[in-house]
Amino acid sequence: MKRIKIRIITFLVFHVITNCPFINAQCITNNETGFCSGGNGELTNGCTINSGNYYWYSGTGTVNNILINSGTLVVCGNLTIDQSLNWNGNFTIIVKPNASLTFTQSCVNIGYTSTIVNYGSLVFLHDLSMQGTPVQIFIKEDAAMSVKGCLTLNGTSQISNSGALSVQDLRIQTTVAPAICMLTNSNLTLKNLINNTQYSVSAPDGISCITYSGNAYLNNSFSNTSNLILCAQTGATTSGTGNFGSLTILSPCTSCGVALPIEIIYFNATAKDNHRVMLEWATASEKNNDYFTVERSLDGVNWEEAVKAPGAGNSTSILYYSAYDNNPYLEHSYYRLKQTDFDGTFEYFKTISVDFNETEFNNTTIYPNPTDNEFILTGSALEIKKISLFNSLGQDITSKTKIKRHSDSEAVINLSEVSPGLYYVKTATSSNIVYKQ
């Protein structure tokens with residue numbers, strides 16, 4: 001299945017900053033684009049950017065001794081701003097698609113009302129502290145932002161993430177919530193988390209994913225949206241007096257990429273009473289999904305349909321499915337999940353297995369034995385669910401017999417159409433000999 005992305009091309013907005021607060025936990029928006037020409041020219045070493053200034057950069061290289069008082073910088077190439085950066089005023093930075101901006105400073109402190117709109121790649125090689133009123137960062141679809149050290153959000157700072165955000169350590173202590181808004185199919189990867197803000201992260205529109213591998217120190221509830229999936233990798237821990245809230249937790253978890261058209265969260269099979277298997281699965285998102293099929297196999301090679309369930313078509317919410325297989329194999333069954341699109345395209349997901357304890361089966365009895373014409377077979381319902389007869393040469397002669405069931409645990413087998421002799425009666429786990437006189 002191919003995922004078709006439709007990119008909305010925004011109109012040019014020059015020198016306009018949209019500072020919208022979170023309303024009903026919706027993400028802030030800013031679609032500034034800018035261009036790399038005109039204004040005060042291309043950024044060079046020693047530039048001082050003041051109020052009303054407009055600089056741009058279109059090459060590949062490093063500049064230093066930059067003093068930011070106010071104004072705008074648009075990056076269309078691959079720019080590295082070296083250690084000597086002084087951020088002293090309100091500022092707007094726009095990183096264009098396929099462009100990159102890297103800060104090498106040991107700690108970038110943004111203490112003024114500033115905006116960064118990233119359509120490409122934004123990298124902080126060390127720490128980033130957002131403490132202005134507010135500092136707003138927008139990570140657009142297909143864009144990435146990386147903080148190699150600690151990312152700290154203070155005051156009314158906010159991040160709107162439509163792409164991929166990666167940080168080593170994340171500290172949230174803002175006075176607004178959510179401080180990080182995750183749009184559909186966005187990702188946040190981190191090692192350690194300190195959360196001091198109630199409901200600091202939200203996913204209001206669709207499924208998004210956070211993956212963490214270290215410790216989450218929670219002083220308040222982290223999120224109030226189940227659309228947010230938390231992937232806790234092996235060894236990840238939690239501490240503090242708070243909790244993760246109502247997000248969906250996968251643990252242990254290796255990854256939860258949410259951009260797939262059909263994203264399976266889990267697929268389980270569980271043996272139940274009366275020799276049934278309960279099948280359960282959940283999806284984080286669905287696209288053009290017509291139906292699911294659960295297939296069953298005795299050997300993991302040959303498969304047959306066990307259960308069929310309709311899909312949701314298109315969905316960005318977590319959906320839960322369950323069904324019963326009432327006819328599993330008696331001892332061991334394999335199951336695999338198949339998903340089919342409206343156009344007939346399909347794919348398979350993981351294969352799992354389920355075992356029934358052999359103690360479920362009881363010994364069978366046959367009487368009378370020898371018999372002149374017919375005999376009675378008794379045993380557990382599971383044991384005599386399937387009855388077969390073979391002659392002394394190993395040939396299956398079940399079709400020549402007449403089997404009449406009196407109950408689930410008792411059957412009468414008529415041998416009037418077979419010759420006198422020795423015969424084998426095979427059930428689920430046993431084989432018995434019966435003699436016809």
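Residues numbered from 1 in each chain as written. Predicted model: local features only at pLDDT ≥ 70, side-chain atom pairs only at ≥ 80, totals over all residues. Heavy atoms only, no water.

**Observations regarding the confidence of the model for the protein chain**
Rules: Per-residue confidence from the predictor is given as pLDDT, running between 0 and 100. Any pair of residues with heavy atoms lying within 4.5 Å of one another is described as a contacting pair.
For the protein chain, per-residue confidence averages 83 on the pLDDT scale, and residues scoring 70 or more make up 88% of the total. Scored below 50 in pLDDT, residues 1-25 makes 58 contacts in the model with residues more than four places away or belonging to other chains.

**Side note on the pattern of salt bridges**
We apply this condition: Salt bridge, as used here: a side-chain nitrogen of Lys or Arg that lies within 4 Å of a carboxyl oxygen of Asp or Glu. Secondary structure elements are defined from DSSP: runs of H or I of at least 4 residues count as helices, runs of E of at least 2 residues count as strands, and each element is numbered from the N terminus. Buried, partly exposed and exposed residues are distinguished by accessible area as a fraction of the type maximum, computed with a 1.4 Å probe on protein chains only: under 20%, between the cut-offs, and over 50%, respectively.
Overall, the coordinates contain three salt bridges when judged by the stated rule. Among the ionic pairs, D325 bridges to R296, the shortest N-O distance being 2.7 Å. One end of the pair, D325, is in strand 30 (residues 319-325); the other, R296, is in strand 28 (residues 276-297), and 29 residues separate them in sequence. No difference in accessibility class separates D325 from R296, as the two residues are buried. Connected through salt bridges with shared partners, the residues R296, E304 and D325 form a single ionic network.

**Focus: the pairing of strand 6 (residues 78-81)**
Threshold: Two strands qualify as a pair provided DSSP detects at least 2 bridges between them.
Alternating positions in strand 6 separate cleanly, L79 and I81 being buried on one face and N78 and T80 remaining unburied on the opposite face. Summarising the sheet, strand 3 (residues 60-63) and strand 6 pair through four bridges and their orientation is parallel. Each bridged residue has a counterpart across the sheet, and for T62 the counterpart in strand 6 is T80. By the bridge criterion, four bridges tie strand 6 to strand 9 (residues 100-103) in an arrangement that is parallel. Counterpart to T80 in the pairing with strand 9 is T102.

**Some points on the sheet that holds strand 1 (residues 48-49)**
Note on sheets: strands pair through backbone hydrogen bonds, and any given pair is parallel or antiparallel. Read from one edge to the other, the open sheet built from three strands follows the order 1-4-7, with strand pairing classed as parallel. Each end of this open sheet is capped by a strand with a single partner; those strands are strand 1 and strand 7 (85-87). Relative to strand 7, strand 4 (residues 66-68) runs parallel, the two sharing three bridges. Each residue of the ladder has a partner; that of I66, found in strand 7, is L85.

**Remarks on the state of the cysteines**
Which entries qualify depends on this criterion: When two cysteine sulfur atoms lie within 2.5 Å, the pair is treated as a disulfide.
The tally for this structure, following the rule as stated, stands at one disulfide. Here C36 connects covalently by a disulfide to C76, the sulfurs 1.9 Å from one another. Between C36 and C76, the S-S torsion sits near 100°, and that sign places the bridge as right-handed. Separated by 40 residues along the polypeptide, C36 in the segment before strand 1 and C76 in the loop between strand 5 (72-75) and strand 6 bring together distant segments of the chain. Take C76: its relative accessible area is 28%, and that puts it in the partly exposed class. Its sulfur unpaired, C107 is 8.5 Å from the next cysteine sulfur, which belongs to C150.

**Here's the deal with the packing of aromatic side chains**
Defined as follows: Stacked, edge-to-face and tilted are the three classes for Phe, Tyr and Trp ring pairs, Trp counted by its six-membered ring, which pair at centre distances within 6.5 Å; planes under 30 degrees apart are stacked, over 60 edge-to-face, the rest tilted. By definition, being over a ring means that NZ of Lys or CZ of Arg is both within 6 Å of the ring centre and within 35 degrees of the ring normal.
According to the stated counting rule, one finds eleven aromatic pairs in the structure shown. With a centroid separation of 6.1 Å and an interplanar angle of 85°, the aromatic rings of F222 and F244 are classed as edge-to-face. Here F222, found in the loop between strand 23 (215-218) and strand 24 (228-232), pairs with F244, found in the loop between strand 25 (237-239) and strand 26 (248-250); they are 22 residues apart in sequence, far enough to count as distant. Take F244: its relative accessible area is 10%, and that puts it in the buried class. Over the aromatic face of Y348 sits the side chain of R336, whose NZ or CZ is 4.0 Å from the ring centroid. Above the face of the F390 ring, K426 is positioned so that its terminal group lies 4.8 Å from the ring centre.

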